[in-house]
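Spelled out, the chains give:
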Amino acid sequence: YAMSIVPQLISVSKTVHGYLQSMLIDNVGSYDAEKDFTNVMKALYSTLVPIGISCSDIGKYYQATATTATVTGGTSHNGRNFPPCVTSNPSTSSHMFSSHTLANYDPTTSSTTYTSTIDLDILQIKILMKMGNHIAASWIYESGRHSFQTGTTSDILDGFSFLPDNGSSTSSSNNIVNYQSLKQMATNHDILHKNIWYSKYVDYMKGDNFFGNSLVSSVFSLSQEELNEGYQGGGNEDALRIKWSSISQHTEVVSKTLQYFVLQPFAFGLMYLAVEKCFDESSLKMNSQVWKKKGDDGQQSISPTYYIEQIWDEAASYLIGSLEGQYDKDDEISYMYSDDYDPQFGFGLYALANTRCNQFGTCSTYRNMPPSSPGRAKIVSVYRDLFYIGKNQITSLQCEELLETTIKQAQRWSLVPIIQSVIRYAIKVEELKGGSTLKVLAEGEMFALVILPLFHYQQSAANENDAARADLGMNETDQSIFERNMIVQQGVKPVQDGALEVARSLSTVVVDFSLPCEYIGETSGVSPCNFGGEITSENASGVNSIYGMSFFWALIVCFLVIRTAFS
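Notes on the structure in this doc start here.

Calculation rules
- Residues numbered from 1 in each chain as written.
- Predicted model: local features only at pLDDT ≥ 70, side-chain atom pairs only at ≥ 80, totals over all residues.
- Heavy atoms only, no water.
- Helix = DSSP H or I, 4+ residues; strand = E, 2+ residues; numbered from the N terminus.
- Buried < 20%, exposed > 50% of the residue type's maximum accessible area, 1.4 Å probe, protein only.
- Contact = heavy atoms within 4.5 Å.
- Expected span 1.5 Å × (residues − 1).
- Polar contact = N/O pair within 3.5 Å; in protein donor to acceptor, adjacent residues only side chain to side chain.
- Axes fitted to C-alpha atoms, helices over the stretch in contact; angles between N-to-C directions.
- Parallel < 35°, antiparallel > 145°, perpendicular 65-115°, else oblique.
- Nonpolar A, V, L, I, M, F, W, Y, C, P; charged D, E, K, R; others polar.
- Core = buried A, V, L, I, M, F, W, Y, C linked by side-chain atoms within 4.5 Å.
- Bend = angle between axes of the 7 residues up to and from the residue.
- Phe/Tyr/Trp six-rings, centres within 6.5 Å; stacked < 30°, edge-to-face > 60°.

### Overview of the side chain of T47
Here's step 1: With respect to the secondary-structure elements, T47 resides in the loop between α3 (33-45) and α4 (55-58).
Here's step 2: Judged by its relative accessible area of 3%, T47 is buried.
Here's step 3: Leaving out residues up to four positions away in the same chain, T47 has contacts with L9, V12 and V16.

Put into structure tokens, the structure is as follows:
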């Protein structure tokens, strides 16, 4: 029985799966029912909602004896403590006002327990893609599987309209359960375009307003043969099919598109929606509205900014995700290490930053943390602080500060682990030949695509670099150098100028977005912070000594010509 269910739980929680795999399969011979039973049951109960099962579906355990049948559930039987099943399917009365700790951030509104589980859809899609079952993966993408928004027909506000019903909702009495799908996010024009960066990506993707959906759908439309061996024909519309030629590459294209071109832009779009509602006094119409909430007093009024706070919490839940688990409350001081805890397992900002911090030397140090344990990135605490600051600014209606000092900074600093990832993969693929089927090629390109449309966004350092090159008769820009090295071309060696040149081209992005080098760090001696940030006319091409020397000699020649002319 354990063999039939435990392996499937990897799509719900790596920690729970590892624990149950050890207790019930790998080390079942040492399983002690008297000691381990309660924890095993609690672990199993914790997986019910993500896999779509309720406590009522499970029921209570009846122990038949020679004379009677005894019900057990939240009671003691034969010396064993049966923990109560406290998890249920989503319902307004039990979850609409509940909160759920996300890593080191405590939401105060909504059912973030359920909105955050959209990352389980990405995980399951990735597992199915690795198995070559892209058709089943497409079903989850289109219809959703784990994330839903709850409410009642009498309580749903107009503001919930940004979570459209995809036809997979169910209705019982006056309860409504709307399953959220990644495709809904990928095709939600209003929310995506509230994100002030999104237009840059649309321009780079040749005007495709739903480029994330296009990338994912192009893979899902492949035949099984094309998915395994690639596609060798067609025109420009088949560029993606021509480029990638292995299941592992297609898997990375889909999963990273969903992470960085669907989920993350949607989350930041929600943050900008929160700003819009903050400025819009009409959004506070619920000031006189009373929401029903079960409690001693029967009902409870909510804050007039509750709806805006809810948008903010949901945005945070998408950026963090459910797979991140819960951190210690005092995560700046102590670190309660557990063999089952893995801060790098997930699909949100936190997981990516934690993955890179060990590689770039940007992890925080915690008391009681073994040297060999996975680290937690310093910038994770910054993200947490920004989430809390934003929530406080909403409740006090400090709308301008919310926009300028919190959201824009959070969005800028979300680039830190992306830049680290680009450098990481530039180093990994610079020795590869063109046409490799290794997944690292696709991984490097997908991270690079997050950065590419943002070159020149601030119109400062990069323009000065490019102007200096133009004065020297050089046609390339930082963006074109970066693109040539990181965007894979059929049969062309990737990162042909080397990882150092990729890092050098990124240095202007670091300066333009005021990214702190202490959070970026370096790996294998490579960092965009090693080039002095902004490149002026004196070092127009950074590490490329030929460019630097060319500019030096140009100055000398210019000086001699002028001197000769006036002598």
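### Regarding helix α2 (residues 14-26)
Here's step 1: Between its first and last C-alpha, α2 extends only 15 Å over 13 residues, short of the 18 Å set by a 1.5 Å rise per residue.
Here's step 2: Restricting attention to buried positions, one finds in α2 the residues V16, H17, Y19, L20, Q21, M23 and I25.
Here's step 3: Where α2 is buried, its residues touch α1 (2-5) and α3.

### Focus on the side chain of T523
Here's step 1: Its place among the elements puts T523 in the loop between α25 (517-520) and α26 (545-565).
Here's step 2: For T523, a relative accessible area of 9% gives the class buried.
Here's step 3: Within the structure, T523 has its side chain in polar contact with the backbone oxygen of Q359 (distance 3.1 Å).
Here's step 4: When neighbours within four sequence positions are excluded, T523 is seen to be in contact with Q359, F360, I423 and I427.

### A short note on the packing of helix α8 (residues 134-143) against helix α12 (residues 211-220)
Here's step 1: Between α8 and α12, the least distance of the axes is 9 Å, while the angle of their chain directions is 150 degrees. Between α8 and α12, the angle falls in the class roughly antiparallel. Contact with α8, carried on its side by H134, A137, S138 and Y141, involves N213, V216, S217, V219 and F220 of α12 and no other residues of that element.
Here's step 2: When grouped by side-chain class, the residues that make up the contact of α8 with α12 number five nonpolar, four polar and no charged.

### Structural notes on the nonpolar core
Here's step 1: Core analysis: the largest hydrophobic core is formed by 119 residues, its most contacted members being I125, F387, I451 and F482.
Here's step 2: In terms of residue count, helix α15 (residues 247-279) provides more of this core than any other element does, 17 residues in total.
Here's step 3: Beyond its immediate chain neighbours, meaning those up to four positions away, F387 contacts Y105, M271, W312, A316, L319, I320 and Y350.
Here's step 4: Membership of the second largest hydrophobic core comes to ten residues, among which are V6, V16, V40 and A43.

### Things to note about helix α24 (residues 499-512)
Here's step 1: End to end, α24 covers 20 Å across 14 residues, agreeing with the expected 20 Å (1.5 Å per residue, within 8%).
Here's step 2: Residue L506 marks the point of greatest curvature in α24, where the axis turns by about 25 degrees.
Here's step 3: Among the 14 residues that make up α24, twelve are buried, leaving the element largely enclosed by the rest of the structure.
Here's step 4: Among the residues of α24, those classed as buried are A499, E501, V502, A503, R504, S505, L506, S507, T508, V509, V510 and D512.
Here's step 5: Where α24 ends, the next residue or the one after it, S514, has phi of about 50 degrees, a positive value.

### Here we look at the packing of aromatic side chains
Here's step 1: Taken as a whole and judged by the stated rule, the model has 14 aromatic pairs.
Here's step 2: Measuring from centroid to centroid gives 5.5 Å for W197 and F513, while their planes differ by 70 degrees, and the two rings are edge-to-face. Separated by 316 residues along the polypeptide, W197 in the loop between α10 (189-194) and α11 (198-204) and F513 in the loop between α24 and α25 bring together distant segments of the chain.
Here's step 3: With centroids separated by 5.9 Å and ring planes inclined at 70 degrees, the aromatic side chains of F266 and Y318 adopt a geometry described as edge-to-face. Pair noted here: F266 is in helix α15 and Y318 is in helix α16 (residues 306-320), with a separation of 52 residues, a long-range link.
Here's step 4: One aromatic cluster is present, formed by Y198, Y201, F211 and F261 through successive ring pairs.

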